[in-house]
Amino acid sequence: VTIAGDIDGGFNLTLDAGAEGNVTINQAVGTTTPLASITVSAKDLELAHNVAVTGDLAVTGLVTLQGNITVSASAANLGGGVEGSGKSLVLNVAAATLDSGTSSYNNIADLTVTGNVELNGTLTTSGNQSYGGGATLIGDTTLVASGVSVGDAIDGGGNNLTLTPAGSQISIVASGASNIAELV
């Protein structure tokens, strides 16, 4: 499924390419009038432009960034991982779930989530990771980055948190941390 033109309007959009299909969005989504929500079921979603919805963005497959991308939504669930291709991703959301338990979040330049985030697995950026709200670990989590900032506290949920420098060192700023099984 390829979207070659802009998409606007306050409606729900479902794109289902099947377990082996791909969805490509080559133009802006919701620039003039944000969509109500977007659900994508595909092996891969290629994003070349920004996305704006008033509700939720849910993607089951891998998201491949074709440019620096901003997603504006109430919530974003990117359960299939992100291939950053050296580009930055901004999730302008109240809540995000980044669960790489069976997926990967790799080759992202900078990752910014403006709201609260649930984390699991390994998230790799060459630059910084910034979480504007609190961070909740929903599984053992490894953050590979130059710097990590969390606007509120980190709730470990009894899981491990590993911080690995993308370069020679890593810095972390958080207002507090609790219930982390092990910090490495």
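Before any of the text, the structure's been laid out above.
What you see is a predicted model, and the numbers here were worked out from it, not measured in a lab. (Residues numbered from 1 in each chain as written. Predicted model: local features only at pLDDT ≥ 70, side-chain atom pairs only at ≥ 80, totals over all residues. Heavy atoms only, no water.)

K.L.:
An account of the pairing of strand β10 (residues 75-78) is needed here, citing residue identities and associated values.
P.N.:
Burial of the side chains of β10 is restricted to one face: A76 and L78 are buried, whereas none of A75 and N77 on the reverse face is. Pairing of strand β7 (residues 56-59) with β10, which is carried by 4 bridges, proceeds in the parallel orientation. For A58, the partnering residue across the bridge sits in β10 and is N77. When β10 meets strand β13 (residues 95-99), the two strands line up parallel, connected through 3 bridges. Paired with N77 across the strands is T97, a residue of β13. (Buried < 20%, exposed > 50% of the residue type's maximum accessible area, 1.4 Å probe, protein only. Helix = DSSP H or I, 4+ residues; strand = E, 2+ residues; numbered from the N terminus. Pairing = 2+ DSSP bridges.)

K.L.:
Describe the pairing of strand β5 (residues 44-47), with residues and values.
P.N.:
Both strand β3 (residues 22-25) and β5 contribute to a ladder of 4 bridges, which runs parallel. When the bridges of β5 are listed, N22 appears paired with D44.

K.L.:
Hey, could you go over the environment of T14 for me, with residue numbers and the actual values?
P.N.:
Structurally, the position occupied by T14 is in strand β2 (residues 12-16). Residue T14 is classed as exposed on the basis of its relative accessible area, which comes to 58%. Remark: the alpha-carbon pair of T14 and T39, spanning 25 residues in sequence, is separated by 4.8 Å.

K.L.:
Can you break down unusual backbone geometry residue by residue, with the values?
P.N.:
A positive phi angle, near 55°, is found at S85, a position not held by glycine. Here S85 is to be found in the loop between β11 (82-83) and β12 (89-92). For N107, which is not a glycine, the phi torsion comes out positive at approximately 55°. Given the relative accessible area of 46%, N107 is considered partly exposed.

K.L.:
Give me the lowdown on empty space enclosed by the protein, citing residues and values where you can.
P.N.:
Under the defined criterion, the tally for this structure stands at 3 cavities of 30 Å³ or more. Here the largest cavity defines a volume of roughly 50 Å³. Taken together, L45, L47, L57, V59, V63, L65, V71, L78, L89 and L91 make up the lining of the largest cavity. Put simply, the parts of the chain that give the lining of the largest cavity at least two residues each are β5, β7, β8 (62-65) and β12. In terms of residue class, the lining of the largest cavity is made up of 10 nonpolar, no polar and no charged. (1 Å grid on protein atoms, 1.4 Å probe; cavity = no way out; pocket = protein on both sides within 12 Å on 5 of 7 lines; lining within 4 Å. Points joined across faces, edges and corners; volume = space filled by probe spheres on them. Nonpolar A, V, L, I, M, F, W, Y, C, P; charged D, E, K, R; others polar.)

K.L.:
I'd like a description of the side chain of T141, backed by residues and values.
P.N.:
Structurally, T141 is set in strand β18 (residues 135-145). By relative accessible area, T141 is classed as buried at 1%. Here L119 takes part through its backbone oxygen, which lies 3.3 Å from a polar atom of the side chain of T141. Within the structure, the side chain of T141 is placed 2.9 Å from the backbone oxygen of G139, a separation counted as a polar contact. When residues no more than four places from it in sequence are discounted, the contact partners of T141 are L119, N120, G121, L123, N160, L161 and T162. (Polar contact = N/O pair within 3.5 Å; in protein donor to acceptor, adjacent residues only side chain to side chain. Contact = heavy atoms within 4.5 Å.)

K.L.:
Would you mind going over the sheet that holds strand β22 (residues 171-173) in detail, with residue names and values included?
P.N.:
Sheet architecture is open: 7 strands sit in the order β6-β9-β12-β15-β17-β19-β22, paired in parallel fashion. Each edge of the open sheet is held by one strand with a lone partner, namely β6 (51-52) and β22. The sheet contact formed by β12 and strand β15 (residues 111-113) spans 3 bridges and is parallel. The partner of L91 across the bridge, within β15, is V113.

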